[in-house]
Amino acid sequence: MADGRRTGSAATDDGTASASPEPGTGSAPSATAAPSSIPLSTRAREAVLQRIVDRRYAQGSRLVEREVAEELGMSRVPVREALRALVSEGLLELLPHSGVRVRRLERADVEHLYEVWEPLTIQAARLAARAGAAGDTEGLATLEAALHQAESAAAADEATREVAAHTAFHESMVAMSGNPLLARTMEQLSWQLRLVFGLREEPAHMRAQHAEMYRHIAAGDAEAAAASTLLHVRDSRAVALRSLFGEA
């Protein structure tokens with residue numbers, strides 16, 4: 001279960017981390033927060049989530065609190081809090097008298113996720129295109145950078161990095177929308193989306209679809225951006241169901 005690596009973090013008296021986040025565990029809870037201000041339980045949650053997403057913790061695998069704490073170089077208290085939080089979020093499930101395990105995704109989980117994600121990401125694309133038309137060059141540059149990162153990762157056959165780049169593209173589109181309520185709502189779906197993206201295949205045409213979405217956003221064509229995003233989400237759903245369950 002454990003990969004034997006530690007983060008090198010140490011607890012301070014107030015229960016916060018005194019070292020920077022472990023590489024590859026995703027973004028910190030706050031881009032402006034100093035590492036010492038991030039609670040250890042939050043860092044533990046992010047680290048466990050990342051391990052679920054990149055399949056170091058496989059679906060159905062049992063997680064032992066003591067082993068996870070040793071792996072992360074933390075005490076058991078923040079790890080216990082992190083595991084409890086992930087149980088409440090539905091990514092882990094309790095085992096009778098024996099800790100927790102990574103919850104297996106069911107077809108209904110994926111269907112429900114796409115039912116919610118589809119209209120939200122279409123609106124994000126529409127609003128991003130309007131922002132592009134209004135001159136948001138920084139947002140466009142961030143989207144374009146995510147496209148280049150995905151191409152680079154695919155060329156190097158680095159699937160995990162490619163998934164991260166595709167996730168970054170969608171998250172950047174939401175940020176570019178300029179709608180904080182939409183951003184907060186989408187943030188609640190972020191880890192479930194990363195999990196599905198990480199478990200499914202990542203065919204080359206997904207990169208081509210992102211590039212088409214970007215072209216419409218850069219051109220400021222809100223409805224074309226929305227239409228291309230709809231096609232992308234529907235295709236992504238079919239790929240996910242085929243990859244995970246052998247069906248579309």
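Residues numbered from 1 in each chain as written. Predicted model: local features only at pLDDT ≥ 70, side-chain atom pairs only at ≥ 80, totals over all residues. Heavy atoms only, no water.

Chemist: Before we go on, may I ask you to explain the side chain of H232 in this structure?
Modeler: Structurally, H232 can be placed in helix α10 (residues 222-245). With residues near it in sequence (within four places) discarded, H232 still touches H170, M206, Q209, H210 and M213. (Helix = DSSP H or I, 4+ residues; strand = E, 2+ residues; numbered from the N terminus. Contact = heavy atoms within 4.5 Å.)

Chemist: Looking at this structure, how should I read the pattern of salt bridges?
Modeler: Overall, the coordinates contain 17 salt bridges when judged by the stated rule. The salt bridge partner of E46 is R45, with a shortest N-O separation of 3.0 Å. Each of the two residues, E46 as well as R45, counts as buried. R101 is the partner of E93 in a salt bridge, and the nearest nitrogen-oxygen pair spans 2.7 Å. Among the residues examined, E93 registers a relative accessible area of 26% and is labelled partly exposed. R101 sits in the partly exposed class, given a relative accessible area of 33%. Residues joined in a network through salt bridges with shared partners are R45, E46 and E89. (Salt bridge = Lys/Arg side-chain N within 4 Å of Asp/Glu carboxyl O. Buried < 20%, exposed > 50% of the residue type's maximum accessible area, 1.4 Å probe, protein only.)

Chemist: I tried to follow the packing of helix α4 (residues 107-133) against α10 on my own but got confused; where do I start?
Modeler: Helix-helix packing is described using two parameters, namely the angle between the two axes and the distance between the axes. At a minimum axis separation of 8 Å, α4 and α10 run at an interaxial angle of 160 degrees. Comparing their axes, α10 and α4 come out roughly antiparallel. When you trace α4 past α10, the crossing you get is right-handed. In the contact of α4 with α10, the residues fall into 15 nonpolar, 3 polar and 8 charged. (Axes fitted to C-alpha atoms, helices over the stretch in contact; angles between N-to-C directions. Parallel < 35°, antiparallel > 145°, perpendicular 65-115°, else oblique. Left-handed = near helix turned anticlockwise from the far one by under 90°. Nonpolar A, V, L, I, M, F, W, Y, C, P; charged D, E, K, R; others polar.)

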